[in-house]
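So you can see what is in the structure, the chains are spelled out below.
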Amino acid sequence: MIHRYCFEALDRTLRDILRFKDASNLDRPFGGKMVVLGGDFRQILPVIPKGTRQDIVNAALNSSYLWNHCHVLKPTKTMRLEGNQVDSHLNDLRQFSDWILAIVDGMIGNSVDGIEKVHIPDGLIINNCGDPIFAIVESTYPNFLSHCSDITYLQQRGILAPTLDMVESIKEYMVSLNQSQPKIFLNSDTICMSDDAFTGLEHVHTPEFLNTIKCSGIPNHVITLKVGVPMMLLRNIVPSSKLCNRTRLIITRLGNRVIEAKVLSGNMVGQKVFIPRMSLTPSDAGIPFKFQRRQFPIVVSFAMTINKSQGQSLSHVGLYLKKSVFTHGQLYVALSRVTKRKGLKIMVYDDDGEISNEAINVVYKEVFRNLLGV
């Protein structure tokens, strides 16, 4: 979702530009222009590094002074499910859709200050397993070795988890199952010298130190890839061709300076593309200096974080909740990626590290306070 301050900045820019056409436009929202925005307050709100609940809610669009000028068109159906209805299963699909919507609206579960425990139906839960990673992989990617080169099989499946460390453990396991010859790619890290305040940091933060940094939005120092492994783009490469951030691909050939792949998602499915190395700068506010990492802008996508999965539609989803969700809308986003109820399997743990049938759900109900619409 767009941050309210970006929303307000657009308003000021349009007013300033369009006042030259008509002076009265300076007093009109967006200079009198109609602006159409897409978003869902049920999903994850703007990410505010180290922000409080109040900070996150205040960053949402409906906290802006412009909200009173907006006309809201309010969705009421989970269309991923609606598009897959069959008469014999219509009632089950409706119940599943209603259950998902009740979760995001905070209408089920025992709520304490916006945090609820939601019961997971027996048909969705994975339990009685010795190796949790094996269990979640087997439920999402059954008979993987027989289908690991099947594009249709891979494009419709994914494992979701709240944090990067859980995602990394699953990806390492999945890549180890692929019998192709591995190829290791190392990056090149350098301190950004554009800021005079950081002059001389290259003597303190050595390449060896920079190589150890792991953060969201950039690949790790070492990437181990194999032909047949699915991956996801971390940056926009050719937006006009829909080769954008979060596009999923499958590796078909590995060169030293370029990766050949086929697109797994969107309207370019099956098309061959080439991915070059790029210079990437992390946006993590927790890093007190700027550096560049030159590497392929990709991440292996057998598994992905819930935040990164927004926009994906999958027929088989494994939800790995070794740690609980931690912000508004995460559980809803994870559950609503699936296009059919029988394609969803959930493994959830309680605070004591034991497998449970209850999942934490975080809902900031105050964000729904002024969403009346049609």
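Model, not experiment: these values are computed from the prediction. (Residues numbered from 1 in each chain as written. Predicted model: local features only at pLDDT ≥ 70, side-chain atom pairs only at ≥ 80, totals over all residues. Heavy atoms only, no water.)

Draft legend 1. How the structure looks around the packing of aromatic side chains. The final tally for this structure, using the stated rule, is 10 aromatic pairs. For the ring pair Phe41 and Trp67, a centre distance of 5.6 Å and an interplane angle of 80° mean the geometry is edge-to-face. With Phe41 in the loop between helix H1 (4-18) and helix H2 (53-58) and Trp67 in the loop between H2 and helix H3 (79-82), the pair connects residues that are 26 residues apart, well separated along the chain. With relative accessibility at 11%, the residue Trp67 sits in the buried group. Between the aromatic rings of Phe209 and Phe289, the centroid separation amounts to 6.4 Å while the plane-to-plane angle is 45°, which identifies the pairing as tilted. Residue Phe209 is found in helix H9 (residues 207-211), and its partner Phe289 is found in the loop between strand S11 (278-280) and strand S12 (291-295); the two are separated by 80 residues along the sequence. Residue Phe209 is classed as partly exposed on the basis of its relative accessible area of 37%. A residue is classified by how much of its surface remains accessible, and Phe289, at 9% relative accessible area, is buried. A connected cluster of aromatic rings, assembled from ring pairs, spans Tyr141, Phe144, Tyr153 and Phe302. (Phe/Tyr/Trp six-rings, centres within 6.5 Å; stacked < 30°, edge-to-face > 60°. Helix = DSSP H or I, 4+ residues; strand = E, 2+ residues; numbered from the N terminus. Buried < 20%, exposed > 50% of the residue type's maximum accessible area, 1.4 Å probe, protein only.)

Draft legend 2. Broad picture of the side chain of Thr140. Position of Thr140 among the secondary structure elements: in helix H5 (residues 132-140). Aside from chain neighbours lying at most four places away, what touches Thr140 is Arg157, Gly158, Ile159, His316, Val317 and Gly318. (Contact = heavy atoms within 4.5 Å.)

Draft legend 3. The nonpolar core, seen in detail. Among the nonpolar cores identified, the biggest contains 44 residues, and Trp99, Leu319, Leu335 and Ile346 are the most heavily contacted of them. Secondary structure elements with two or more residues in this core: H2, helix H4 (90-104), strand S15 (316-321), helix H10 (330-335), strand S16 (344-349) and strand S18 (358-362). Discounting residues that sit within four places of it in the chain, Trp99 has contacts with Ile108, Val118, His119, Ile120, Pro121, Leu124 and Leu335. Among the nonpolar cores identified, the runner-up in size contains 43 residues, and Ile170, Leu225, Leu254 and Val273 belong to it. (Core = buried A, V, L, I, M, F, W, Y, C linked by side-chain atoms within 4.5 Å.)

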